[in-house]
Amino acid sequence: MPTINLAWEELMIQADGRYLSDAELKPFHQYIQTLPARTKTYEILRAKSPELIKIALKKFMLIHPEVMQQHSKRCIYDMNMAICLMSVAMLRDDPRYFRESLMLWLANILSAYQKNVACLKAYHCLEETMQEKLPSTCNQLLKPYMDIIMEVLDIPPKLMATVQRGAASAKG
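Described below are features of the structure shown in this document. (Residues numbered from 1 in each chain as written. Predicted model: local features only at pLDDT ≥ 70, side-chain atom pairs only at ≥ 80, totals over all residues. Heavy atoms only, no water.)

1. Notes on the overall build of the protein
Phase 1: Of regular secondary structure, the protein possesses seven helices and zero strands.
Phase 2: Secondary structure elements of the protein occur, N-terminal to C-terminal, as α-α-α-α-α-α-α.
Phase 3: Burial statistics for the protein: of 172 residues in total, 41% are counted as buried.
Phase 4: Within the protein, counting contacts between residues at least 6 apart in sequence, those at least 24 apart form 72% of the total. (Helix = DSSP H or I, 4+ residues; strand = E, 2+ residues; numbered from the N terminus. Buried < 20%, exposed > 50% of the residue type's maximum accessible area, 1.4 Å probe, protein only. Contact = heavy atoms within 4.5 Å.)

As structure tokens, this is what we get:
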């Protein structure tokens, strides 16, 4: 895992041997201004993720009890991993890291098992729970990452291979 935001890493590579311009420094200044809120959100997620998952999956069980009966441990594990990686990506201010590190992989797996539609509903329950239980500042910082989850899980299975190839070619 890169130690800094992927966009910053690319900027540093492009700026090799020269000073950054004021415009190029602007994202760093903006990040520093939001760091206290990002750190606080990270700490809240670290402390409250088990509770958030429990509440979200209780809501989801009302919609899909059969999925929870068969896959409750997997749902808990996957949602915990998603929140953990989301918190790291939010702390780094790096949606691309989140998309590439977890969501495309998870969506492929869920699509292969034909569980992406049910999981999309589970993550809607998580989003609703987060909106109810977390401060608005936290939800504002987490919204881009929840949007990525919803977008990726809503991709039809036949398109997933195309999306994966596109992400891989964008890296190289």
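2. Here's the deal with the side chain of K59
Phase 1: Positionally, K59 belongs in helix α2 (residues 22-63).
Phase 2: Separated by 2.9 Å, the side chains of K59 and E128 make a polar contact. (Polar contact = N/O pair within 3.5 Å; in protein donor to acceptor, adjacent residues only side chain to side chain.)

3. Digging into the packing of aromatic side chains
Phase 1: Summed over the entire model, instances satisfying the criterion amount to three aromatic pairs.
Phase 2: Ring plane angle 85° and centroid distance 4.9 Å describe the contact between W8 and Y31, whose orientation is recorded as edge-to-face. Within this pair, whereas W8 is found in helix α1 (residues 6-14), its partner Y31 is found in helix α2, the two being separated by 23 residues in sequence.
Phase 3: Relative accessible area serves as the criterion here: at 12%, W8 is assigned to the buried category. (Phe/Tyr/Trp six-rings, centres within 6.5 Å; stacked < 30°, edge-to-face > 60°.)

4. Observations regarding the pattern of salt bridges
Should their charged atoms come close, side chains of opposite charge can pair.
Phase 1: The full count for this structure, using the stated rule, is 10 salt bridges.
Phase 2: E24 is the salt-bridge partner of R18, the closest N and O atoms lying 2.7 Å from each other.
Phase 3: Residue classification places R18 among the partly exposed positions, given a relative accessible area of 42%.
Phase 4: R74 is paired through a salt bridge with D78; the nearest N and O atoms lie 2.9 Å apart. Taken together, the residues R74 and D78, both in helix α3 (residues 65-92) and four residues apart, mark about one turn of the helix.
Phase 5: Its relative accessible area of 45% is what places R74 among the partly exposed residues.
Phase 6: Assessed through its relative accessible area of 12%, D78 is described here as buried. (Salt bridge = Lys/Arg side-chain N within 4 Å of Asp/Glu carboxyl O.)

5. Considerations on unusual backbone geometry
Phase 1: A positive phi angle, near 60°, is found at D93, a position not held by glycine.
Phase 2: Tracing the sequence through the fold places D93 in the loop between α3 and α4 (95-112).

6. Overview of the packing of α2 against α3
Phase 1: With their axes 9 Å apart at the nearest point, α2 and α3 run at an angle of 175° to one another. The angle between the axes of α2 and α3 places the two elements in the roughly antiparallel class.
Phase 2: For the contact of α2 with α3, the class distribution of residues is 21 nonpolar, five polar and two charged. (Axes fitted to C-alpha atoms, helices over the stretch in contact; angles between N-to-C directions. Parallel < 35°, antiparallel > 145°, perpendicular 65-115°, else oblique. Nonpolar A, V, L, I, M, F, W, Y, C, P; charged D, E, K, R; others polar.)

7. Section: the side chain of T41
Phase 1: With respect to the helices, strands and loops of the structure, T41 is situated in helix α2.
Phase 2: Those residues in contact with T41, other than ones at most four positions away along the chain, are M90, C138, L141 and L142.

8. Here's the deal with the state of the cysteines
Phase 1: A full pass over the atoms with the stated rule returns zero disulfides.
Phase 2: No disulfide involves C75; its nearest neighbouring cysteine sulfur is the one of C119, lying 5.7 Å away. (Disulfide = S-S within 2.5 Å.)

9. What about the packing of helix α5 (residues 116-133) against helix α6 (residues 136-153)?
When two helices pack together, you describe them by how their axes are tilted relative to each other and by the distance separating the axes.
Phase 1: Contact geometry for α5 and α6: axes closest at 9 Å, N-to-C directions at 170°. Accordingly, the angle class assigned to the pair α5 and α6 is roughly antiparallel. Residues N116, C119, L120, Y123, H124, L126, E127, M130 and Q131 of α5 form the contact with α6, whose participating residues are N139, L142, M146, D147, I149, M150 and L153.
Phase 2: Here the contact of α5 with α6 is composed, by residue class, of 10 nonpolar, four polar and two charged.

Nothing here speaks to function; it is geometry throughout.
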